[in-house]
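# Overview (structure and organization)
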Amino acid sequence: MLSEQSSSTKPGLPDNDETQVAGSPDHNGVGPPPLTDADLLEMYRTMVLSRTLDQRIWQMNRQGRAAIVASAQGHEAAQVGAVRALDPERDRFYIYYRELTTMLALGITPLELLLGFLAKEGEPLSGARQFPLHGAIDRDRRDIVSFSNVVATQLPQAVGVALADKMRGEKRVTIAYFGDGAASMGETHEAMNFASIHRLPVIFFCENNKYAISVPISKQMNIESVATRASAYGMPGIEVNGFDPVAVYEAVGAAANLARSGQGPTLVEAVVERFLPHTSDDDDTRYRPPEDLEGIRDLDPIPATEKILRENGALDDALDEEIKSSAQKIVNQATEDAENAPFPEPHDFYEQVYAPGSPGDQS
Amino acid sequence: MAEMTVIEAVREALREEMERDSTVFMLGEDIGARGGVFLATEGLLEQFGPERVIDTPLAEAAIGGIALGAAVNGMRPVAEIEFGDFVWPAVNQIIGEAARVRYGTQGRRTAPLVLRVPYGGGVRGGLYHSQSIEVAFSHQPGLKVVAPATPYDAKGLLKSAIRDDDPVIFFEHKRTYRLVKGDVPDGDYTIPIGKADVKRTGSDMTVVSYGLVLHYCLEAAATLAEEGIDVEVIDLRTLRPLDTDTVLESVRKTSKAMVVHEDTKAGGIGGEISAVIAEEAFEDLDAPVKRVAGPEVPAMPFSPLLEAEFMPSAEKIAVAMRELAAY
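Residues numbered from 1 in each chain as written. Chains lettered and ligands numbered in written order. Predicted model: local features only at pLDDT ≥ 70, side-chain atom pairs only at ≥ 80, totals over all residues.

### A short note on the overall build of chain A
Where we set the bar: A helix here means a DSSP run of H or I that spans at least four residues, while a strand means a run of E at least two residues long, and both kinds are numbered starting from the N terminus. Atoms considered for the radius of gyration are the C-alpha atoms alone. The globule rule reads 2.2 Å times the number of residues to the power 0.38. Here exposure depends only on C-beta density: within 10 Å of a residue's C-beta, 20 or more other C-beta atoms make it buried, 12 or fewer make it exposed, and intermediate numbers make it partly exposed, the C-beta atoms being placed from the backbone. Note that contacts rest on C-beta atoms placed from the backbone: two residues are in contact if these are within 7 Å.
A count of helices and strands for chain A gives twelve helices and ten strands. Whereas a compact globule of 363 residues would reach a radius of gyration of roughly 21 Å, chain A reaches 20 Å, a difference of no more than 12%. Burial status across chain A gives 53% buried among its 363 residues. For chain A, the proportion of contacts with a sequence separation of at least 24, taken over those separated by at least 6, is 76%.

Encoded structure:
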């Protein structure tokens, strides 16, 4: 059973004890290897870079230079922790639209991401046919996919991907990211049910920021935790503080071990906070009470991780300054390069509607 | 060469493709021990086992989405929707997703899946087991839509669909399953997607159709032949991409054109064919293009006389042919 999750509405650091596996009491026995300070430092570096880039894109949107952004601010620790528990060269990532930190952690560069936000030539996922962070990456042994803006569609797709891996006997894990909003979709139910019946190597990773655009979690579900639904499908459910990158790493690592050893899917719910409105087109002052945001930024996982690293002696002023100024420098250069890149011409507009040379191909 | 029914031809195509290519597998409702509600997959579970013939929960969105995921990851799934009327939960995954995978990734991912959809009426199926839904899919670029009428075409086109690198929606008319018999060559052959077939040559008018009512068109054409009217009947076979070349060539020869389908008239494929003829062969026409199609009611009623009222028939088609001939 899941324990009382008093911190689930106000996640903070450090409190790894709240990680629980429903129906899998030996969670501690199936967890991943412990992280070193060097690991945590690298994760911190990625979080700082993500925040710096995210702020830049938001700023560019406000200046009219980027059409739209769904900010990952508040989700960084959850995303960096999940990727850390997986193998970017072997595992498969079915992301959704708020995965800026996930992309950076997987090695997609700030320039590549900015080319997406500015819809420029060379954008690596869809050639800027799609919204930022949508399309597919197939280089450097990466399998990162986000076909659609339609929430929850990626969940049955990820299950099909895992089914194919299982049929071929490949020991890969597919992680499917989604938000609390997508948890209400019928496809989420159908995907989890099928994955559990066939014990497929899938991790359902819910980033619960407690808002589906403007609709609060209390109007989305009459339960405390998305993870409790796992027991209804006969799979483990883990609720974890999504502001704690180590706790998320441990939860996803445990789920990955179960998946890789043929024990089927796990539902991991990382409870996070959405620091900004749903997207740059949203105005959360219309629906989010000020007291809801009060104190949340005090729990910001980036300074919290910085504090732990300092306490552990793994970070000092000089190194922290290097990490932050280096992130700023990288983002500044990427901004300049992306702004100088041209928009794609429509010369391949009709290409890849159908397979080249097949009936209907107009290219 | 053996005579077989449409359902037997479908089953043969599935069996031979499963034998030929280990990445081909099937998923759907009741397709395992039951062999499918129409027995399209009868015997395949026994031959290929439960890992390649997967009975799914009653969950069409999952059937569509799982087929899509497996296709993206190197497999060639053949998903069965039990009745076309039940396809709508899967539409999000097929029209919304599968059709755009290639375009939305610049070809970095593809979706070589087949969605087999039994459709159509005249089977006492009532409002929820009779629908013609093909045009909902044939409107969508990125999909290929096939609707064979004969056993020979069904087998050859299903093999092409399974080998195709794009998502193919494969419509099988339920009434043809056991009604229509025909010669099918032994062993492997394919029929290209995107090619119509002139099922009867004639010089007085062109009739374009597909599916069950294609046979009614041929029946009506035989009747008209006795009256001295020579009708050419074209079977579209593929609804996307349309083989407009074959249609236009015929219309330029006969100077009169008619489209016949069971689906309702407004917004049906007949409107598109008529528009293509009007755009490309207006000056070759001696008469307005005529359409015979289902009536503007939401779906096909259950009771026999009501069902007959809905269905195009050889008699109704013959009447329209005489009118067109007399114009």
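### A few points about the overall build of chain B
Counting its regular elements, chain B contains twelve helices and 14 strands. Taken against the 2.2 N^0.38 rule, which gives 20 Å for 327 residues, the C-alpha radius of gyration of chain B at 19 Å falls within 12% of a compact globule. For the C-alpha atoms alone, the extent of chain B along its principal axes is close to 60 × 45 × 40 Å. Put simply, chain B has 327 residues, and 57% of those count as buried. Excluding contacts between residues fewer than 6 apart, the proportion of contacts in chain B whose partners are at least 24 apart in sequence is 80%.

### Here's the deal with the pairing of strand E11 (residues 231–235) of chain B
Residues and elements named next belong to chain B. What counts is decided by this rule: One bridge is not enough; two strands pair if DSSP finds at least two bridges between them. Seen with its strands pointing away from the viewer, a crossover is right-handed when the path leading from the first strand over the helix to the second is clockwise.
The buried fraction of E11 amounts to five of the five residues, a majority that puts the element mostly inside the structure. Of the two faces of E11, the one lined by Val231, Val233 and Asp235 and the one lined by Glu232 and Ile234 are each fully buried. In terms of strand pairing, strand E9 (residues 197–200) meets E11 through three bridges, oriented antiparallel. Across the sheet, Asp197 pairs through a bridge with Asp235, a residue of E11. Of the pairings in the sheet, the one linking strand E10 (residues 205–209) to E11 comprises five bridges and is parallel in character. Considered in E11, the bridge of Thr206 is made with Glu232. Read from E10 through helix H8 (residues 212–226) to E11, the crossover connection turns out right-handed.

### Some thoughts on the interface of chain B and chain A
Heads up, the rule is: Side-chain classes are defined by residue name, with Ala, Val, Leu, Ile, Met, Phe, Trp, Tyr, Cys and Pro counting as nonpolar, Asp, Glu, Lys and Arg as charged, and the others, Gly among them, as polar.
Each side of the interface is counted separately: chain B has 41 residues, and chain A has 36 residues. Listing elements by their share of the side of chain B that touches chain A, those giving two or more residues are helix H3 (60–72) and helix H4 (88–104) of chain B. Taken together, the residues of the side of chain B that touches chain A sort by class into 15 nonpolar, 15 polar and eleven charged.

### Some remarks on helix H10 (residues 269–281) of chain B
Keep this limit in mind: By this rule the span expected of a helix is its residue count minus one, scaled by 1.5 Å.
A rise of 1.5 Å per residue sets the reference length of H10(B), with its 13 residues, at 18 Å; its end C-alpha atoms lie 18 Å apart and thus fit the reference within 8%. Those residues of H10(B) that are buried lie in contact with helix H5 (134–138), E10, strand E12 (238–240), helix H9 (244–254), strand E13 (257–264) and strand E14 (290–294) of chain B.

### Comments concerning the sheet that holds E11(B)
Residues and elements named next belong to chain B. Convention followed: Note on definitions: angles span 0 to 180 degrees between N-to-C directions of axes, and those axes are lines fitted to C-alpha atoms, for helices only across the stretch in contact.
The five strands are arranged E9-E11-E10-E13-E14 in an open sheet whose pairing can be described as mixed. Edge strands, defined here as strands with exactly one partner in the open sheet, are E9 and E14. Taking the axes of each pair of neighbouring strands and ignoring which way they run, one obtains an average angle of 25° across the sheet. Contacts from helix H12 (residues 314–326) reach E10, E11, E13 and E14 within the one sheet, and its direction differs from that of E14 by about 165°.

### Notes on the pairing of strand E5 (residues 114–119) of chain B
All names here are of chain B. For E5, the buried fraction is high: six of the six residues fall into the buried class. Burial of the side chains of E5 extends over both faces: Val114, Arg116 and Pro118 are buried on one face and Leu115, Val117 and Tyr119 on the other. Sheet topology places strand E4 (residues 76–80) next to E5; three bridges connect them, and they run parallel. What sits directly across from Ala79, in E5, is Leu115.

### As for the nonpolar core
Residue and element names in this part refer to chain A. Put simply, the rule is: Buried Ala, Val, Leu, Ile, Met, Phe, Trp, Tyr and Cys residues form a nonpolar core when they are connected through C-beta atoms within 7 Å.
One finds Val159, Ile203, Phe205, Val252 and Val268 to be the most contacted residues of the largest nonpolar core, which totals 203 residues. Broken down by element, this core gets its largest block of residues, eleven residues, from helix H9 (residues 245–260). Setting aside its immediate chain neighbours within four residues, Val252 contacts Gly81, Ala82, Ala85, Leu86, Ile203, Phe205 and Val268.

### Describing the domain arrangement of chain B
Residue and element names in this part refer to chain B. Spelled out, the test is: As annotated, the domain borders come from an automatic or database domain assignment.
The domains assigned to chain B are domain 1 (2–184) and domain 2 (197–326). For domain 1 versus domain 2, the distance between C-alpha centres works out to 26 Å. In this assembly, 26 residues from domain 1 lie in contact with 23 residues from domain 2. Breaking the side of domain 1 that touches domain 2 down by element, the ones donating at least two residues are H5, strand E6 (144–146) and helix H6 (151–163). Among the residues making up the side of domain 1 that touches domain 2, the classes are represented as ten nonpolar, eleven polar and five charged.

### Side note on unusual backbone geometry
Of all residues except glycine, most have a negative phi; of all peptide bonds, most are trans. In the segment running from Arg240(B) into Pro241(B), the intervening peptide bond is cis, with an omega of -5°. In this fold, Pro241(B) is placed in the loop between E12 and H9. You will see that Ala119(A), though not glycine, has its phi angle at about 60°, which is positive. Among the secondary structure elements, Ala119(A) is positioned in the loop between helix H5 (110–117) and strand E3 (135–137).

### Digging into the confidence of the model for chain B
Rule in force here: One number per residue, pLDDT, summarises how confident the predictor is, and it ranges from 0 to 100.
Predicted confidence across chain B gives a mean pLDDT of 98, with 100% of residues reaching 70 or more. Prediction confidence for the complex, expressed as pTM and ipTM, is 0.95 and 0.96 respectively.

### Quick word on the packing of H3(B) against H4(B)
All names here are of chain B. As a reminder of what qualifies: Any angle between 65 and 115 degrees counts as roughly perpendicular, while under 35 counts as roughly parallel, over 145 as roughly antiparallel, and the rest as oblique.
Remark: H3 packs on H4, axes separated minimally by 6 Å, with the N-to-C direction vectors making an angle of 20°. Considered as vectors, H3 and H4 are oriented roughly parallel to each other. Across the interface between the two elements, Glu60, Ala61, Ile63, Gly64, Gly65, Leu68 and Val72 of H3 pack against Pro89, Ala90, Asn92, Gln93, Ile94, Glu97, Ala98 and Val101 of H4. Across the contact of H3 with H4, the residue classes break down as nine nonpolar, four polar and two charged.

### With respect to the sheet that holds E4(B)
Residue and element names in this part refer to chain B. In spatial order, the strands read E3-E2-E4-E5-E7-E6-E12; together these seven strands make up an open sheet with mixed pairing. At either end of the open sheet lies a strand with only one pairing partner, and these are strand E3 (53–55) and E12. Between one strand axis and the next, the sheet turns through 20° on average, direction left out of account. One ladder, built from two bridges, connects E6 with E12; its direction is antiparallel. By the bridge assignment for E12, Val145 is matched with Arg240. Where helix H1 (residues 6–20) meets the sheet, its contacts fall on strand E2 (24–28), E4 and strand E7 (168–173), and the angle it forms with E2 comes to roughly 130°. Set on the sheet, H3 makes contact with E2 and E4; between it and E4 the angle comes to about 170°.

### Comments concerning H5(A)
All names here are of chain A. Among the eight residues in H5, seven count as buried, and that is most of the element. Buried within H5 we find Pro110, Leu111, Leu113, Leu114, Leu115, Gly116 and Phe117. Looking at the buried side of H5, the elements it contacts are helix H2 (37–62), helix H4 (100–105) and helix H12 (317–340). Two residues or fewer after H5 comes Ala119, characterised by a positive phi angle close to 60°.

### Concerning the confidence of the model for chain A
When pLDDT is averaged across chain A, the result is 92; 92% of the residues are at 70 or more. Note on residues 1–26 of chain A: pLDDT under 50 across the span, and 63 contacts to partners over four residues away in sequence or across chains.

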